Amino acid sequence: MNHKGLDKSRLPRHVAIIMDGNGRWARLKGKSRIEGHRKGRASVKAVVDVSRTLGIPYLSLYAFSSENWQRPREEVGALMGLLEHYLCDEQKRMMKNGIRLLAIGDRDRLPISVRRVLEQTIEMTRDNATITVTLALSYSGRHDIVKMVQGIARKVREGSCQPDDIDEALISAHTETSTIPDPDLLIRTSGEMRISNFFLWQIPYTELYMTPTLWPDFRRDQYIQALVDFQKRRRRFGKTDDQEP
Ligand code: FPP
């Protein structure tokens, strides 16, 4: 694999991606939106493969937001079908390649057939250790924060935690991403400059990479380019250049 310009010793530990532009890709090609999502699935496979072979241990993909339920019924149905088939088709490869699958979001809203294969895949891959792929499904960053506040408030009411005990670590531990590190790099395709209710608490020092490329066209080379760009950034975490290690 050609990784021109990429320093493999300085890769991000966690890459998060807002996969956007399937619909526009389809319109440009005179195809249905569903066809755009189908092509987008191939891009999912590409970024998972590249991340795994490079040794990036965490990849998170915003596959369906809470707001996406408002899309036309046929499109939601097609996306759920795509997801179900993706999970069925990929299970073997996940086992072979050491991919651990996690899901965040309101799973109860997913159709039972999707929930079943999702839970089966999560269980089946739980001990895999090469890469953790987290699918955000029916996910809302604000809802994650609401649930976190409710969880902590309950502990305070029960007396197992005092208000002064609440710190950043406790908050992180009560979010849906408690077991994965904060993203180092957040990629958004299709030229939009928004976070769209994806990770909110998790991205205080995450590097942002927004590209006009539409998601179905975002494949191995475009991903490598994003990683090379990431490596050019000076991450100072609020310190000065001189203090940087
Ligand atoms: C955004 O494009 C994309 C989505 C809402 C769905 C993402 C789904 C996939 C990439 C395919 C299946 C996923 C997996 C994990 C197998 P958009 O429809 O909002 O594009 P537009 O803004 O151009 O209309």
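Residues numbered from 1 in each chain as written. Predicted model: local features only at pLDDT ≥ 70, side-chain atom pairs only at ≥ 80, totals over all residues. Heavy atoms only, no water.

Per the stated rule, a full pass over the model turns up nine aromatic pairs. Ring plane angle 80° and centroid distance 6.3 Å describe the contact between Tyr62 and Tyr139, whose orientation is recorded as edge-to-face. In this pair, Tyr62 is assigned in strand β2 (residues 58–65) and Tyr139 in strand β4 (residues 131–139), connecting sequence segments 77 residues apart. The exposure classification of Tyr62 matches that of Tyr139, with both residues buried. With a centroid separation of 6.1 Å and an interplanar angle of 90°, the aromatic rings of Tyr139 and Phe198 are classed as edge-to-face. You can see Tyr139 sitting in strand β4 and its partner Phe198 sitting in the loop between β5 (185–188) and β6 (207–210), a full 59 residues away along the chain. On the accessibility criterion, Tyr139 (0% relative accessible area) is buried. (Phe/Tyr/Trp six-rings, centres within 6.5 Å; stacked < 30°, edge-to-face > 60°. Helix = DSSP H or I, 4+ residues; strand = E, 2+ residues; numbered from the N terminus. Buried < 20%, exposed > 50% of the residue type's maximum accessible area, 1.4 Å probe, protein only.)

As a working rule, side chains carrying opposite charge can pair if their charged atoms are close by. Taken as a whole and assessed by the stated rule, the structure comprises 21 salt bridges. A salt bridge links Arg10 to Asp7, with the shortest nitrogen-to-oxygen separation between them at 3.7 Å. What makes Arg10 partly exposed here is its relative accessible area of 41%. A relative accessible area of 28% means that Asp7 is categorised as partly exposed. In this structure, a network of salt bridges that share partners links the residues Asp20, Arg24, Arg188, Glu192 and Arg194. (Salt bridge = Lys/Arg side-chain N within 4 Å of Asp/Glu carboxyl O.)

In this section: the site of the ligand. As a structural note, the neighbourhood of the ligand is formed by 16 residues, with Met19, Gly23, Arg24, Arg33 and Arg71 the closest of them. Take Asp20: an N or O atom from its side chain is 3.1 Å from an oxygen atom of the ligand. At 3.0 Å from an oxygen atom of the ligand is found a main-chain nitrogen or oxygen belonging to Gly23. Relative to its free-state accessible area of 630 Å², the ligand is covered by the protein chains to the extent of 92%. Most atoms of the ligand, that is more than half of them, are within 2 Å of grid points of the largest pocket. (Near = heavy atom within 4 Å. Polar contact = N/O pair within 3.5 Å; in protein donor to acceptor, adjacent residues only side chain to side chain. Areas by Shrake-Rupley, 256 points an atom, 1.4 Å probe, with all protein chains shown as cover. 1 Å grid on protein atoms, 1.4 Å probe; cavity = no way out; pocket = protein on both sides within 12 Å on 5 of 7 lines; lining within 4 Å. Sits in = over half its atoms within 2 Å of the grid points.)

Moving on to empty space enclosed by the protein. The full count for this structure, using the stated rule, is one cavity of 30 Å³ or more. Reported here for the largest cavity is a volume of approximately 70 Å³. Lining the largest cavity, in full, are Lys45, Val48, Asp49, Tyr86, Glu90, Arg93, Met94 and Ile99. Listed by contribution, the elements that provide at least two residues to the lining of the largest cavity are α2 (33–54) and α3 (73–97). Class assignment of the residues belonging to the lining of the largest cavity gives a composition of four nonpolar, no polar and four charged. (Points joined across faces, edges and corners; volume = space filled by probe spheres on them. Nonpolar A, V, L, I, M, F, W, Y, C, P; charged D, E, K, R; others polar.)

Mapped onto the secondary structure, Ser140 falls in the loop between β4 and α5 (141–158). Within polar-contact distance, the side chain of Ser140 engages the side chain of Asn197 at 3.1 Å. Contact partners of Ser140, with chain neighbours within four places excluded, come to Ser66 and Asn197. (Contact = heavy atoms within 4.5 Å.)

What follows deals with the sheet that holds β5. Working definition: the strands of a sheet are paired by backbone hydrogen bonds and lie parallel or antiparallel to each other. With respect to topology, six strands assemble into an open sheet ordered β3-β4-β2-β1-β5-β6, the strand pairing being parallel. Bordering the open sheet on either side are β3 (99–104) and β6, each of which pairs with just one other strand. Averaged over all neighbouring strand pairs, the angle between strand axes comes to 20°, with direction disregarded. Where β5 lies against β6, four bridges are found, and the strand directions are parallel. Across the sheet, residue Leu185 finds its bridge partner in β6, namely Glu207. Contacts from α2 reach β1 (14–18), β2, β3 and β4, with the element oriented near 165° to β2. The strands that helix α7 (residues 220–232) touches are β1, β2, β5 and β6; relative to β5, the one it contacts most, it runs at about 135°. (Pairing = 2+ DSSP bridges. Axes fitted to C-alpha atoms, helices over the stretch in contact; angles between N-to-C directions.)

On to the environment of Ser190. Relative to the helices and strands, Ser190 resides in the loop between β5 and β6. Each C-alpha atom of the pair Ser190 and Thr240 lies 33 Å from the other, and the pair is 50 residues apart in sequence. Only 3.0 Å separates the side chain of Ser190 from the side chain of Arg24, close enough to count as a polar contact.

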